[in-house]
Amino acid sequence: MNTINNKAIIGLLAVFLIFTAVVLYSFLTDDSEEKFMEQLSLHQKIEEQDIDSIRMSKVVLINSTFKHIDIDLSKDQIHRIITTFNSLSPKETSWKDTSNLSIVSGIAIRIKDRSEVRIQYDKENIYVSRGEVKYIIESSQLKRIFDDELMNKKNI
């Protein structure tokens with residue numbers, strides 16, 4: 001009976017050591033914490049191949065009435081917008097629960113999974129909303145894109 005207990009103890013000890021080695025190995029080689037923290041980040045990159053459509057519009061005053069005007073974007077402009085958006089660092093984002101009511105231009109990016117990213121501009125701040133997540137981004141390049149289109153009279 002004593003040898004059976006010794007074999008059981010040795011067997012349990014071997015299983016424990018193997019389990020400990022597997023857990024330790026997966027802990028040391030796993031980057032899921034980094035991926036998890038990236039998913040928690042306010043700002044998420046947009047893969048161009050995941051985009052279903054992208055639209056830009058601006059608000060203009062025509063005969064004392066504000067109207068939304070669609071802006072035709074070239075492939076170069078779309079690529080520049082996405083590249084600039086994706087290049088933002090977490091330091092260039094800050095949490096915001098609501099957006100300003102005086103939005104003058106916006107970009108709606110429809111993703112193939114039927115979600116949508118909205119980038120809105122009020123001549124001062126750029127607001128991003130992805131579902132319930134809303135935040136402000138600091139990007140002089142995106143501001144320049146918005147300002148250039150606001151000044152462009154071609155689409156009116």
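Before reading on, note that the structure itself is shown above.
To keep things clear, this report deals only with the structure shown in the data block. Note that the coordinates shown come from a computational prediction; the quantities given were computed from them, not determined experimentally.

Points about the environment of Gln-141
Residue position: Gln-141 is located in helix α4 (residues 140-151). For the pair Gln-141 and Ile-81, spaced 60 residues apart in sequence, the C-alpha to C-alpha distance is 8.7 Å.

Quick notes on unusual backbone geometry
Unlike most non-glycine residues, Asn-63 shows phi in positive territory, near 50°. Assessed through its relative accessible area of 69%, Asn-63 is described here as exposed. Unusually for a residue other than glycine, Lys-123 sits at a positive phi of about 70°. Within the secondary structure layout, Lys-123 lies in the loop between β5 (116-121) and β6 (126-130).

Focus: the sheet that holds strand β4 (residues 105-111)
Strand order in this open sheet of 7 strands is β2-β1-β4-β5-β6-β7-β3, and the pairing throughout is antiparallel. In the strand order of this sheet, the two ends are held by β2 (65-71) and β3 (93-95), each with one partner. Direction aside, the axes of adjacent strands within the sheet are offset by 25° on average. The pairing of β6 with strand β7 (residues 133-137) spans 5 bridges and is antiparallel. Bridged to Val-128 within β7 is Tyr-135.

Cut-offs and rules
- Residues numbered from 1 in each chain as written.
- Predicted model: local features only at pLDDT ≥ 70, side-chain atom pairs only at ≥ 80, totals over all residues.
- Heavy atoms only, no water.
- Helix = DSSP H or I, 4+ residues; strand = E, 2+ residues; numbered from the N terminus.
- Buried < 20%, exposed > 50% of the residue type's maximum accessible area, 1.4 Å probe, protein only.
- Pairing = 2+ DSSP bridges.
- Axes fitted to C-alpha atoms, helices over the stretch in contact; angles between N-to-C directions.

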